[in-house]
Amino acid sequence: MAVIQVERKPLSLLERTYIPQIVGGLRTTLRHFFKPNVTLQYPEQRPEISKNYRGVPTLVMDPNGREKCVSCQLCEFVCPPKAIRITPGEIAADSPNAHVEKAPQAFDIDMLRCIYCGLCQEVCPEEAIWLQNQFSMSGYTRAEMVNNKAKLYELGGTLPDPHLKWDHKKAAAEHGNGH
Amino acid sequence: MDFSFYFDLPLWLRLVLQGTAVILVLFPIAAACSMAERKISAWLQGRPGPNRTLPPLLAWVPGIWVLQKLGIFQLAADGGKFVFKEDPVPGHVNKLYFIAAPILAMIPALTTVVVVPFGAYLDSAGKIVPLVLANVDIGLLAVFAVSSLGVYAVILAGWASNSKYPFLGGVRASAQLISYELSMTLSVLPVFLWINAPGGQGTLSLFDVVQFQSQPGFWGGAWFVFTMPLSAFIFLVALFAETNRQPFDMPESESDLVGGFHTEYGAFKWSLFFVAEYCHMVIGSAVFILLFFGGWNPLPWVTLTDTVQALAHIIPVATHPLFMGILGISIFLVKICFSIFFFMWVRWTLPRFRYDQVMNIGWKQLLPLSIANLIAYTIGIALLQK
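Residues numbered from 1 in each chain as written. Chains lettered and ligands numbered in written order. Predicted model: local features only at pLDDT ≥ 70, side-chain atom pairs only at ≥ 80, totals over all residues. Heavy atoms only, no water.

(A) Structural detail: the overall build of chain A. When helices and strands are counted, chain A shows six helices and five strands. From first element to last, N terminus to C terminus, chain A shows the α and β order α-α-β-α-β-β-α-β-β-α-α. Taken over the C-alpha trace, chain A has a radius of gyration of 29 Å; the compact-globule value for 179 residues is 16 Å, which it surpasses by more than 25%. C-alpha atoms of chain A, sized along the principal axes, occupy 95 × 50 × 30 Å. Here chain A, with 179 residues, has 27% of them falling under the buried criterion. Counted over contacts in chain A with a minimum sequence separation of 6, partners at least 24 positions apart contribute 72%. Taken together, the 21 basic and 20 acidic charged side chains of chain A have centroids lying 12 Å from each other. (Helix = DSSP H or I, 4+ residues; strand = E, 2+ residues; numbered from the N terminus. Rg over C-alpha atoms; globule rule 2.2 N^0.38 Å. Buried < 20%, exposed > 50% of the residue type's maximum accessible area, 1.4 Å probe, protein only. Contact = heavy atoms within 4.5 Å. Lys, Arg positive; Asp, Glu negative; His and termini not counted. Charge placed at Lys NZ, Arg CZ, Asp CG, Glu CD.)

This is the structure we're talking about:
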């Protein structure tokens, strides 16, 4: 490797007093004094959150307003800190969604246990559970920190997913499967 | 308006009133400096600084948001907290000296203001009279003598705390304060050599320094910062060191000594150290301005008397002692505020010195420089005033 000898110039008298450097530094800091602030006034102004952000896990509906979760309990089993507790339930026969396997009767995610690892989202065969862009969870009691089913759907909203797997399956069954 | 009744009061009552007024002004100024420090630090770093606190009872007042954004209520809340929170005395300290130290820190800080003039007015005979609590001839000597007592408070606090970091902080502080005091004193000697011309009456009064800078003519009206820039520079650097400001914040050294000499202090006792430090800053700035920046004269070559007499053509009350006094004090306060801003500005510009660098600058550079400066000016003044 080539060695480059850097010539070290001795400091001039003016440079050794540091005064020009100090004046230059003062000018820099004064420029910052008059610059606009960069602070975000947090609770009132919220930062822009990336679409890929993995925040609080939520449950989503499909475009027809059907809850996508079929309470297979895979997320409950995979959850490393055991934050998810699902009570599976049947869907009433007269419901328009009767062709879907099941639906959760209760779905609780204990946010005091959740480690935001995203395994639940990864394992979900129905794409029903999503880590979305909510990044701050707070509450005054332990009970407040447990998201129940209603809260999870409220946070989750609707997933604009056009596949509608269960409707296709029903239509296929009506046409004798295999067409 | 006639204020002669005030001058008919007995002297002791006037002194008590003036003293109380000065303490009542100096204490809030020192407190306001702490908020100014936080705000200016924030602005220099591109932050808004404390701007949230607002007592709900006052929220209806229109325009109160200005005070809220300036953090005035944060200052009140912080100050009030110091008074009401528990004041712990650790078990391992030397109680008497531990409690005495913050008191000893306050006494010199509030005492030096006595000899510092902060304005002047023309009396009925047309003679200029200083606004000062004690117009004594030893002025500057008294400031140096009393303010250097402040080092005892730091040593005492460091030693009485009976633990490592405060002790190291106290030792460093004493070494630093004593080293820079030499350069500081030597740097102002040329000013007084120049003022005390041979044959005249000798004086060390700060009022006379300002009067000397208020003379007519090109050389008479020049502030000493123009005629003695090196003295002013040395004095300013030593002032930074004497007031424990960055880049000379050895006594506290938050990064290596926790809190330095006041590590073991909390609540009200700590706030006394804090206020004392800002008082030193205010008084130090005041002395610096009196010595080198023309005191209450608005501009170089423009004296307060000239200003008032020019204003008298527009507003007839301008020559009234009250108006002139308030004008002089305001000009002086504006200069002090700028000086304090400069302290804070430098704080966020320069990196801290290491302890050995502080000692090197003090003993090997500043002291020889101030001695050379003194010798050069002594010869020059001797030739000029022959």
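Past the structure itself, the notes keep going.
(B) Molecular detail of the pattern of salt bridges. By the definition in use, this model includes 11 salt bridges over all chains. We note a salt bridge from Glu76(A) to Arg85(A), for which the minimum N-O separation is 3.7 Å. A salt bridge links Glu37(B) to Arg347(B), with the nearest nitrogen and oxygen atoms 2.8 Å apart. Here Arg347(B) lies in helix α15 (residues 321–347) and Glu37(B) lies in helix α2 (residues 11–44), a separation of 310 residues in the sequence. According to the relative accessible area criterion, Arg347(B) is partly exposed, its value standing at 21%. Among the charged side chains, a salt-bridge network with shared partners connects Glu37(B), Arg245(B) and Arg347(B). (Salt bridge = Lys/Arg side-chain N within 4 Å of Asp/Glu carboxyl O.)

(C) Main features of the packing of aromatic side chains. For the structure on display, the rule yields 27 aromatic pairs over all chains. For the ring pair Phe235(B) and Phe292(B), a centre distance of 5.8 Å and an interplane angle of 55° mean the geometry is tilted. Taken together, the residues Phe235(B) in helix α12 (residues 229–242) and Phe292(B) in helix α13 (residues 267–292) connect sequence positions 57 residues apart. For Phe292(B), a relative accessible area of 0% translates into the label buried. Judged by centre distance (4.6 Å) and plane angle (20°), the ring pair of Phe240(B) and Phe343(B) falls under stacked. With Phe240(B) in helix α12 and Phe343(B) in helix α15, this residue pair connects regions lying 103 residues apart in the sequence. By relative accessible area, which is 0% here, Phe343(B) ends up buried. In this structure an aromatic cluster arises from ring pairing among Phe33(A), Phe34(A), Trp43(B), Phe240(B), Phe338(B), Phe341(B), Phe342(B), Phe343(B) and Trp345(B). When the ring centre of Phe82(B) is taken as origin, the NZ or CZ atom of Lys81(B), which lies over that ring, is 5.1 Å away. (Phe/Tyr/Trp six-rings, centres within 6.5 Å; stacked < 30°, edge-to-face > 60°. Lys NZ or Arg CZ within 6 Å of the ring centre and 35° of its normal.)

(D) Just the interface of chain A and chain B, in detail. Taken together, the contact pairs 15 residues of chain A with 16 residues of chain B. Regarding the contact of chain A and chain B, the summed buried area is about 1300 Å², with carbon and sulfur atoms giving 64% of it. Here chain A is connected to chain B by one salt bridge. With its nearest N and O atoms 3.1 Å apart, the salt bridge here joins Glu44(A) to Arg52(B). Where chain A touches chain B, the interface holds six residue pairs in polar contact (both at pLDDT 80 or more). A class-by-class count of the residues in the side of chain A that touches chain B yields eight nonpolar, six polar and one charged. (Buried area = accessible area lost by both parts, 1.4 Å probe. Polar contact = N/O pair within 3.5 Å; in protein donor to acceptor, adjacent residues only side chain to side chain. Nonpolar A, V, L, I, M, F, W, Y, C, P; charged D, E, K, R; others polar.)

(E) Quick look at the pairing of strand β3 (residues 103–110) of chain A. Residue and element names in this part refer to chain A. Relative to β3, strand β2 (residues 84–89) is paired through six bridges, and the arrangement is antiparallel. Its bridge partner lying in β3, Pro88 is registered against Pro104. Sheet topology note: the β3/strand β5 (residues 146–147) ladder contains two bridges and is antiparallel. Counted as the bridge partner of Ile109 is Asn147 from β5. (Pairing = 2+ DSSP bridges.)

(F) Structural context of the packing of α12(B) against α15(B). Residues and elements named next belong to chain B. Relative to each other, α12 and α15 sit at 75°, their axes nearing to 12 Å. It follows from the interaxial angle that α12 and α15 lie roughly perpendicular. Along the contact surface, α12 presents Leu236, Leu239 and Phe240, while α15 presents Phe342, Phe343 and Val346. Considered class by class, the residues forming the contact of α12 with α15 number six nonpolar, no polar and no charged. (Axes fitted to C-alpha atoms, helices over the stretch in contact; angles between N-to-C directions. Parallel < 35°, antiparallel > 145°, perpendicular 65-115°, else oblique.)

(G) Molecular detail of the nonpolar core. Of all hydrophobic cores here, the largest spans 92 residues; its most connected members are Val191(B), Phe235(B), Val287(B), Leu291(B) and Phe292(B). In terms of residue count, the dominant contributor to this core is α13(B) (16 residues). Once residues lying within four places of it in the same chain are set aside, the contact partners of Phe235(B) are Phe144(B), Met184(B), Ser187(B), Val188(B), Gly284(B), Val287(B), Phe288(B), Leu291(B) and Phe292(B). Grouped together as the second largest cluster of nonpolar side chains are 21 residues, Cys69(A), Ile86(A), Met145(A) and Tyr153(A) included. (Core = buried A, V, L, I, M, F, W, Y, C linked by side-chain atoms within 4.5 Å.)

(H) Summary view of α2(B). End to end, α2(B) covers 47 Å across 34 residues, agreeing with the expected 50 Å (1.5 Å per residue, within 8%). Within the span of α2(B), buried status applies to Val22(B), Leu26(B), Ala30(B), Cys33(B), Ser34(B), Met35(B), Glu37(B), Lys39(B), Ile40(B), Ser41(B), Ala42(B) and Leu44(B). Elements that come into contact with the buried residues of α2(B) comprise α2 (19–34) of chain A together with α3 (64–69), α4 (72–84), α5 (95–111), α13 and α15 of chain B. Looking one or two residues past α2(B), Gly46(B) carries a phi angle of roughly 75°, positive in sign. (Expected span 1.5 Å × (residues − 1).)

(I) Structural context of unusual backbone geometry. Residue and element names in this part refer to chain A. Phi angles above zero are rare outside glycine, and Glu127 is one such case at about 50°. With respect to the helices and strands, Glu127 occurs in the loop between α4 (119–123) and β4 (129–131). In this model, Leu164 sits at a positive phi of 50°, which is unusual for a non-glycine residue. Relative to the assigned elements, Leu164 resides in the loop between α5 (149–156) and α6 (165–174).

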